[in-house]
Amino acid sequence: MITIKNLSKSYGKTEILKNISFDIEKNDKLLIIGPSGSGKTTLIRCLNKLEKDYQGEIIFKKKNIKDIKDELLRKKIGMVFQSYNLFPHLTVKENIELAPSKLTNANKEELSKKTLKLLKSVNIEEKINEYPKNLSGGQKQRVAISRTLANNPEVILFDEPTSALDPESIKSLVKLLNELSKKATIIVVSHDMSLIKSFASKILFIDKGKIIEYGTKEEILKSTNPKIKKFLK
Ligand SMILES: Nc1ncnc2c1ncn2[C@@H]1O[C@H](COP(=O)(O)OP(=O)(O)O)[C@@H](O)[C@H]1O
Ligand SMILES: [Mg+2]
């Protein structure tokens, strides 16, 4: 579904991603894992066209993403940001309906119906008229997820989704990620090792901008690579 070919990316003179190549299949639950500063966020920002200045190619369903309009690509490959990026002056409902009300010709009633359905699917329908400041971290994240789901994405990128959550909320997030994976390809960037067991079907292990290993969960857990063994400990 996505092919990444010889991807290199620099900021100034510093090379952040170094000749990265791998394939993502349609039903993958991909966990991109590695130490802080290894280039994980940069990599998924390239997939979403938030970074365009790189060498190499990213192919999505046989098309170079450079040939797909940004807005269209970001609907198909949605991103849930680490900081959620909700508008503080808008309610949950308004946050979710802002883009669709501008971009589609759906009427108010249709939009409302869809919003309620989305919020129900992530279990926060009772917060529909709240402002973000009155929500917990986990609830804000669910609003951000609903907003992404409104575009019916084929791929959803999550940047460090567990980092701001308490253990109980992590459990429900993992459950939600596994549910979402039935409808979309899920790519999670994290340094949370518990996601290996609870979520991943495939793991890309990166360090200092290079792929250390890529494979199924079983392959990575059996890896004899000293860097991975050290990280897994
Ligand atoms: N906009 C930027 N300008 C310059 N350097 C950046 C920028 N964004 C990230 N970096 C650097 O790129 C490296 C990788 O960052 P990042 O992709 O955020 O790593 P990770 O998500 O794995 O922690 C870091 O050294 C970071 O300081
Ligand atoms: Mg990061």
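The structure under discussion appears in the preceding block.
Rules used throughout
- Residues numbered from 1 in each chain as written.
- Chains lettered and ligands numbered in written order.
- Predicted model: local features only at pLDDT ≥ 70, side-chain atom pairs only at ≥ 80, totals over all residues.
- Heavy atoms only, no water.
- Helix = DSSP H or I, 4+ residues; strand = E, 2+ residues; numbered from the N terminus.
- Rg over C-alpha atoms; globule rule 2.2 N^0.38 Å.
- Buried < 20%, exposed > 50% of the residue type's maximum accessible area, 1.4 Å probe, protein only.
- Contact = heavy atoms within 4.5 Å.
- Areas by Shrake-Rupley, 256 points an atom, 1.4 Å probe, with all protein chains shown as cover.
- Lys, Arg positive; Asp, Glu negative; His and termini not counted.
- Charge placed at Lys NZ, Arg CZ, Asp CG, Glu CD.
- Phe/Tyr/Trp six-rings, centres within 6.5 Å; stacked < 30°, edge-to-face > 60°.
- Pairing = 2+ DSSP bridges.
- Axes fitted to C-alpha atoms, helices over the stretch in contact; angles between N-to-C directions.

Engineer: Whenever I open this one, the overall build of the protein chain confuses me. Can you help?
Structural biologist: Helix and strand content of the protein chain: nine helices and 10 strands. For 233 residues, the compact-globule estimate of 2.2 N^0.38 gives 17 Å, and the protein chain sits close to it at 18 Å. When the backbone C-alpha atoms are referred to their principal axes, the protein chain occupies close to 55 × 40 × 30 Å. The proportion of buried residues among the 233 residues of the protein chain is 48%. Considering only contacts in the protein chain between residues 6 or more positions apart, those separated by 24 or more positions represent 64%. About 12400 Å² of surface is accessible on the protein chain, with carbon and sulfur atoms providing 51% of the total. Distance from the positive charge centre (44 side chains) to the negative charge centre (28 side chains) of the protein chain: 1 Å.

Engineer: Got a minute to help me understand the packing of aromatic side chains in this structure?
Structural biologist: The geometry of an aromatic ring pair is captured by the separation of the ring centres together with the interplanar angle, meaning the angle of the planes. Inspection of every chain in the model, using the stated rule, returns two aromatic pairs. Consider the rings of phenylalanine 22 and tyrosine 214, whose centres lie 5.2 Å apart with planes at 65°: the pair is edge-to-face. On the criterion of sequence distance, the pair formed by phenylalanine 22 in strand E2 (residues 14-24) and tyrosine 214 in strand E10 (residues 210-216) is long-range, its members being 192 residues apart. With a centroid separation of 5.1 Å and 90° between ring planes, the pair formed by phenylalanine 205 and phenylalanine 231 is classed as edge-to-face. Of this pair, phenylalanine 205 sits in strand E9 (residues 202-207) while phenylalanine 231 sits in helix H9 (residues 226-232), and the two are 26 residues apart along the sequence.

Engineer: How should the sheet that holds strand E5 (residues 63-64) be read in this particular structure?
Structural biologist: Picture the strands of a sheet paired through backbone hydrogen bonds; they go either parallel or antiparallel. Taken in spatial order, the four strands of this open sheet run E2-E1-E4-E5, and their pairing is antiparallel. Bordering the open sheet on either side are E2 and E5, each of which pairs with just one other strand. Strand contacts of helix H1 (residues 40-47): strand E1 (2-11), E2 and strand E4 (55-60), with the helix running at about 120° to E1, the strand carrying the most contacts.

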